[in-house]
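Results of the structural survey
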Amino acid sequence: MSENFASSFDQLDLSKEIMQAIQKMGFQNPSPVQAKTIPVMMEGHDVIAIAPTGTGKTCAFGIPMLEYISLTDNRIQELVLAPTRELAVQIGEELQKLAAFIPQVRIAVLYGGQPISRQLNQLKRKPQIIVATPGRMLDHMQRGTARLDHVHTLVIDEADEMLKMGFVKDVCRIIEAIPTTRQFVMFSATTNQDVLTISWKYQHDPVEITIPATKENKPQITQYVIPTSREVKYDHLLYLLDSDVYSRIMIFTNTKDMCRRLSERLNKAGYETDALHGDIPQSKRNQVMTGFKRGKFPILVCTDVAARGIDVDDVEAVINFDLPTENEYYLHRIGRTGRARKHGVAFTLLCFTESVRLDEILKYMESQPTYLKFDDMGVLRNEEKEAFFDNI
């Protein structure tokens, strides 16, 4: 097994087609997770990789998958499972870019909420690679429209989130439908008991890869906390939006109803926004995501359904209109900015009753924000932490 990790893609013995795609995508050198994972996967080992978000995991598993795919075999050879529709689409798009110079590769992306007829048309093209959410993958297995008995590589991305969302039984059923000789790779931002149990039950002597958050791969995000109240929270939000400093912003709420109402209120006030939450049909969600990525509107109001799977490199600021109910949600929300080694900013509008909850989040994050407060003139000023909590 490889022990020395490559500092350039040239050292990874990749095909001409993959090297062309990497150059077209603008990558110079492999990220740590790519340098460690690609050689191990290409040697055929099972892998359990713990790595922060935004470190290049899709290319880490996508490159080996494309390198040893059989272009003459029309059966499904490789399967990637993702917890959300948005992440599945993102992975599919990244794999298409990597396969840009291998026209024989066919990739299907399957997820709930998309018309089944469109997915059946994808499957009729006999894809060698499928990216899917667990529920829709099981649906096609039960329909007999997708057979997994020739899959040789299974990848589960964001395994911690998938298993926490209640997909344990679905994932196990899919794994058990695939030959036991397959290569099984799991990527996760954290370890939990479900991830370890799946690894112990189904992986064969997996190579463990851990990529710690370092200055190089940790997003550069400045966090600010602003005291507010329900009565003035909207006005404080407008202050941030009117600063003219940020041209692409994500605003997070805790509920679908608040997401919808806040987006509508901002639109009526003259701001260009759209909303993204679980009640929006998938076709509309795709349209909103595409519009935001292409810069058709600068402000996206969303719930945590959108916290994972949005891959927009130039989100300049994240605003927590509501403090999230889970520690991990805070991490995933602010992780939408500061991507591609750019600096990002995250603001949290904090009500008095949420101060204890914030303290729990900051302990989990092992980080300290900058505390701000509006002065008597309505201007934001820095505030010492002790004074901040004394006056909130």
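Look a little higher up for the structure.
Let me sum up the structure you'll find in this document. Computed from a predicted model, the values in this text were never measured in an experiment.

Here's the deal with the overall build of the protein chain
In terms of regular secondary structure, the protein chain is built from 15 helices and 15 strands. Taking 392 residues into account, the globule formula puts the C-alpha radius of gyration at 21 Å, and the protein chain, at 22 Å, falls close to it. Seen through its C-alpha atoms, the protein chain measures out along the principal axes to roughly 70 × 45 × 40 Å. In the protein chain, which comprises 392 residues, the proportion classed as buried is 53%. Taking the contacts inside the protein chain whose residues are at least 6 apart along the sequence as the reference set, 74% of them involve residues at least 24 apart. Accessible surface computed for the protein chain: about 18200 Å², of which carbon and sulfur atoms make up 48%. When the 46 basic and 51 acidic side-chain charges of the protein chain are each reduced to a single mean position, those positions are 7 Å apart.

Let's talk about the pattern of salt bridges
Here the structure, examined in full by the defined rule, presents 15 salt bridges. The salt bridge partner of D139 is R143, with a shortest N-O separation of 3.0 Å. A residue pair is termed a helical-turn pair when its members lie 3 or 4 positions apart in one helix, as D139 and R143 do in helix α6 (residues 134-143) at 4 residues. Between R333 and D304 there is a salt bridge whose closest N-O contact spans 2.8 Å. With R333 in helix α13 (residues 327-334) and D304 in the loop between β11 (299-302) and β12 (317-320), this pair connects stretches of sequence that are 29 residues apart. Here R333 falls in the buried class, since its relative accessible area comes to 0%. Residues joined by salt bridges that share partners form a network here, namely D257, R260, R261 and E264.

Brief notes about the environment of Y329
By secondary structure assignment, the location of Y329 is in helix α13. Judged by relative accessible area, Y329 falls into the partly exposed class, the value being 25%. Note: C-alpha distance between Y329 and V305 (24 residues apart in sequence) is 9.9 Å. For Y329, the residues in contact, after removing those within four places along its chain, are E161, D304 and P324.

Structural notes on the sheet that holds strand β8 (residues 220-228)
Pairing within the open sheet is mixed, and its 8 strands lie in the order β10-β11-β9-β12-β13-β8-β14-β15. Looking at the sheet topology across the chains shown, the edges are occupied by β10 (273-276) and β15 (380-382). If you compare each strand with its neighbour and ignore which way they point, the axes differ by 25 degrees on average. The sheet contact formed by β12 and strand β13 (residues 343-351) spans 4 bridges and is parallel. Bridging across to β13, V318 finds its partner in A346. Across the sheet, helix α11 (residues 256-268) touches β9 (249-252), β10 and β11, and the angle it forms with β10 is around 175 degrees. Sitting on the sheet, α13 touches β8, β9, β12 and β13, and the angle it makes with β12 is about 150 degrees.

With respect to the sheet that holds strand β2 (residues 78-81)
Spatially, β3-β4-β2-β5-β6-β1-β7 is the arrangement adopted by the 7 strands of the open sheet, whose pairing is parallel. Two strands lie at the open edges of the sheet, namely β3 (107-110) and β7 (207-210), each paired on one side alone. The average undirected angle you get between the axes of adjacent strands in this sheet is 15 degrees. Where strand β5 (residues 153-156) and strand β6 (residues 183-188) come together, 4 bridges link them in parallel fashion. Paired with I156 across the strands is M186, a residue of β6. Against the sheet, helix α2 (residues 32-42) contacts β1 (47-50), β5, β6 and β7, and its axis sits at roughly 165 degrees relative to β6.

Section: unusual backbone geometry
Positive phi, normally seen in glycine, also occurs at D13, with a value near 55 degrees. Tracing the backbone shows D13 in the segment before α1 (16-24). Phi angles above zero are rare outside glycine, and K126 is one such case at about 55 degrees. Topologically, K126 is positioned in the loop between α5 (116-124) and β4 (129-132).

Quick notes on the rules
- Residues numbered from 1 in each chain as written.
- Predicted model: local features only at pLDDT ≥ 70, side-chain atom pairs only at ≥ 80, totals over all residues.
- Heavy atoms only, no water.
- Helix = DSSP H or I, 4+ residues; strand = E, 2+ residues; numbered from the N terminus.
- Rg over C-alpha atoms; globule rule 2.2 N^0.38 Å.
- Buried < 20%, exposed > 50% of the residue type's maximum accessible area, 1.4 Å probe, protein only.
- Contact = heavy atoms within 4.5 Å.
- Areas by Shrake-Rupley, 256 points an atom, 1.4 Å probe, with all protein chains shown as cover.
- Lys, Arg positive; Asp, Glu negative; His and termini not counted.
- Charge placed at Lys NZ, Arg CZ, Asp CG, Glu CD.
- Salt bridge = Lys/Arg side-chain N within 4 Å of Asp/Glu carboxyl O.
- Pairing = 2+ DSSP bridges.
- Axes fitted to C-alpha atoms, helices over the stretch in contact; angles between N-to-C directions.

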